[in-house]
Amino acid sequence: MTLPADNAPLLEIEHLQVYFPVRAGAFGRVSGHVHAVDDVTLTLNEGETLGLVGESGCGKTTLARTLVRLTASTGGTIRFHGEDVTRRTNKQLRTFRRNVQMVFQDPQASLNPRKRIGQIVGAGVRLRKGDAGARPITVTQLLEQVGLEAEHAQRYPHEFSGGQRQRIGIARALAADPKLIILDEPVSALDVSIQAQVVNLLDDLQDELGLSYIFVAHDLSVVRHVSDRIAVMYLGKIVEISNADDLYARPKHPYTASLLEAIPIPDPDARTDRRAIAPGELPSPTNPPPGCRFNTRCRFATDLCRRVEPPLAEFAGGHLAACHHPLNVTPDEVSAAVRSDASPVAAGEKLELSPAVAQS
């Protein structure tokens, strides 16, 4: 693969779609489609960590699996190092799969129970030997790199704790000498103290090896500590993208604000004056609502929200949000917002302050 030009993104995703057919009846005719990922556009730079957050069922795991070509896309493109890898064959993807690895949510289910740890991690080491530019390494070195011991190579997955199994999953990903690791909720099954250890390990490995991460999670309190930028996903769509500090301090989309609202606070009195922004259940991805997909749960929704889907608009500092009534903005910021694409809104409608901001 050719190296990217200076300042070019490591990974580029443009208008990516993943639809799953819904079959019904005795003959299994297609009666509809699940819009798991719907027109997603993202970039990832070298050495960067992009957090991908949202409720269960929003499509973030499907997006992650599609990026490593475990799930086929319906439309759009995925470019790695500037090369389109969206529809290449398995043989053509050999180099791509050495460079892009995945760590799964359930470490026990992702490890073959019939193989010893040395065999599991060693498969990636053998793969790396086919790449002349790969750093030489042994299974023992990989295990020690993730905080395990050389003797662990002779054990089976069931002999380890959940945190240790996740370290094995990380070692297996590192074995191929990747440039990008996609982490699908890697700490959600672990207790809090073990979560911190795994997060610190990932941070150290990134500094040591120059890795890039896509960190998928539903818990913003974890994502905040590991991400340079955060993308918020709702019902197959990206609704907000920002650097981590700005997103936590000044969320623009009501859905992001609702996720921040759900972060536990040790002092219960600190929550007495807070309001739940997103009541109700996630709508069906088979039949998403027209207009803004969040309009059925948003207390700021207007008729415009129910009619017209808002495109991502860019605010100060490169903060992107897809909302007709963005939060935490001034009138000047609204009038200066740059839309990322043409839409019916751009032709005749304008962004407005949210009712809550306008009345304050």
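Residues numbered from 1 in each chain as written. Predicted model: local features only at pLDDT ≥ 70, side-chain atom pairs only at ≥ 80, totals over all residues. Heavy atoms only, no water.

**Looking at helix α1 (residues 60-67)**
Thought 1: Of all 8 residues that make up α1, 6 are buried, and the element is covered over most of its length.
Thought 2: Turning to α1, its buried residues are K60, T62, L63, A64, T66 and L67.
Thought 3: Downstream of α1 by a residue or two, R69 has a phi angle that is positive, lying close to 65 degrees. (Buried < 20%, exposed > 50% of the residue type's maximum accessible area, 1.4 Å probe, protein only. Helix = DSSP H or I, 4+ residues; strand = E, 2+ residues; numbered from the N terminus.)

**Section: the packing of aromatic side chains**
Thought 1: Counted according to the given criterion, the structure contains 4 aromatic pairs.
Thought 2: Centroid distance Y234 to F294: 5.1 Å. Interplanar angle 85 degrees. Geometry classified as edge-to-face. Of this pair, Y234 sits in strand β9 (residues 229-234) while F294 sits in the loop between α9 (254-261) and α10 (303-307); the two residues are 60 residues apart in sequence, bridging distant segments of the chain. Both residues of the pair, Y234 and F294, count as buried. (Phe/Tyr/Trp six-rings, centres within 6.5 Å; stacked < 30°, edge-to-face > 60°.)

**Describing the pattern of salt bridges**
Thought 1: By the definition in use, this model includes 10 salt bridges.
Thought 2: One salt bridge connects R79 with E14, and the closest N-O pair in it is separated by 2.7 Å. Of this pair, R79 sits in strand β4 (residues 75-80) while E14 sits in strand β1 (residues 11-24); the two residues are 65 residues apart in sequence, bridging distant segments of the chain.
Thought 3: Taking the relative accessible area as the measure of exposure, E14 reaches 32% and is therefore partly exposed.
Thought 4: A salt bridge links E48 to R229, with the shortest nitrogen-to-oxygen separation between them at 2.5 Å. One end of the pair, E48, is in the loop between β2 (29-44) and β3 (49-53); the other, R229, is in strand β9, with 181 residues separating them in the sequence. (Salt bridge = Lys/Arg side-chain N within 4 Å of Asp/Glu carboxyl O.)

**Observations concerning a negative patch on the surface**
Thought 1: Side chains of D203, D204, D207 and E208 sit close together on the surface and give a patch of like negative charge.
Thought 2: The topology assignment puts D203 in helix α6 (residues 192-209).
Thought 3: A residue is classified by how much of its surface remains accessible, and D203, at 41% relative accessible area, is partly exposed. (Patch = residues over 30% accessible without salt bridge, like charges linked within 9 Å, V, L, I, M, F, W, Y side chains within 5 Å. Areas by Shrake-Rupley, 256 points an atom, 1.4 Å probe, with all protein chains shown as cover. Lys, Arg positive; Asp, Glu negative; His and termini not counted. Charge placed at Lys NZ, Arg CZ, Asp CG, Glu CD.)

**Some remarks on the pairing of β4**
Thought 1: Of all the 6 residues making up β4, 5 are buried; the element is thus mostly covered by neighbouring parts of the structure.
Thought 2: Bridge count for β1 against β4 is 5 bridges, and the pairing is antiparallel. Bridging from a neighbouring strand, E12 pairs with R79 of β4.
Thought 3: Across 2 bridges, the pairing between β4 and strand β5 (residues 83-84) is antiparallel. Each bridged residue has a counterpart across the sheet, and for R79 the counterpart in β5 is D84.
Thought 4: The turn joining β4 and β5, which pair antiparallel and follow one another in sequence, is formed by 2 residues; a positive phi near 55 degrees is taken by H81. (Pairing = 2+ DSSP bridges.)

**Some words on the packing of helix α5 (residues 162-174) against α6**
Thought 1: Contact geometry for α5 and α6: axes closest at 10 Å, N-to-C directions at 20 degrees. Regarding the angle of α5 to α6, the classification is roughly parallel. The crossing of α5 and α6 is right-handed. Packed against α5, whose contacting residues are G163, R167, I170 and L174, the element α6 presents I194, Q197, V198, L201, L202, L205 and L209 at the interface.
Thought 2: Residues that form the contact of α5 with α6 fall into these classes: 8 nonpolar, 2 polar and 1 charged. (Axes fitted to C-alpha atoms, helices over the stretch in contact; angles between N-to-C directions. Parallel < 35°, antiparallel > 145°, perpendicular 65-115°, else oblique. Left-handed = near helix turned anticlockwise from the far one by under 90°. Contact = heavy atoms within 4.5 Å. Nonpolar A, V, L, I, M, F, W, Y, C, P; charged D, E, K, R; others polar.)

**Examining the side chain of K237**
Thought 1: Mapped onto the fold, K237 is located in strand β10 (residues 237-243).
Thought 2: In this structure the side chain of K237 is engaged in a polar contact, spanning 2.8 Å, whose partner is the side chain of E309. (Polar contact = N/O pair within 3.5 Å; in protein donor to acceptor, adjacent residues only side chain to side chain.)

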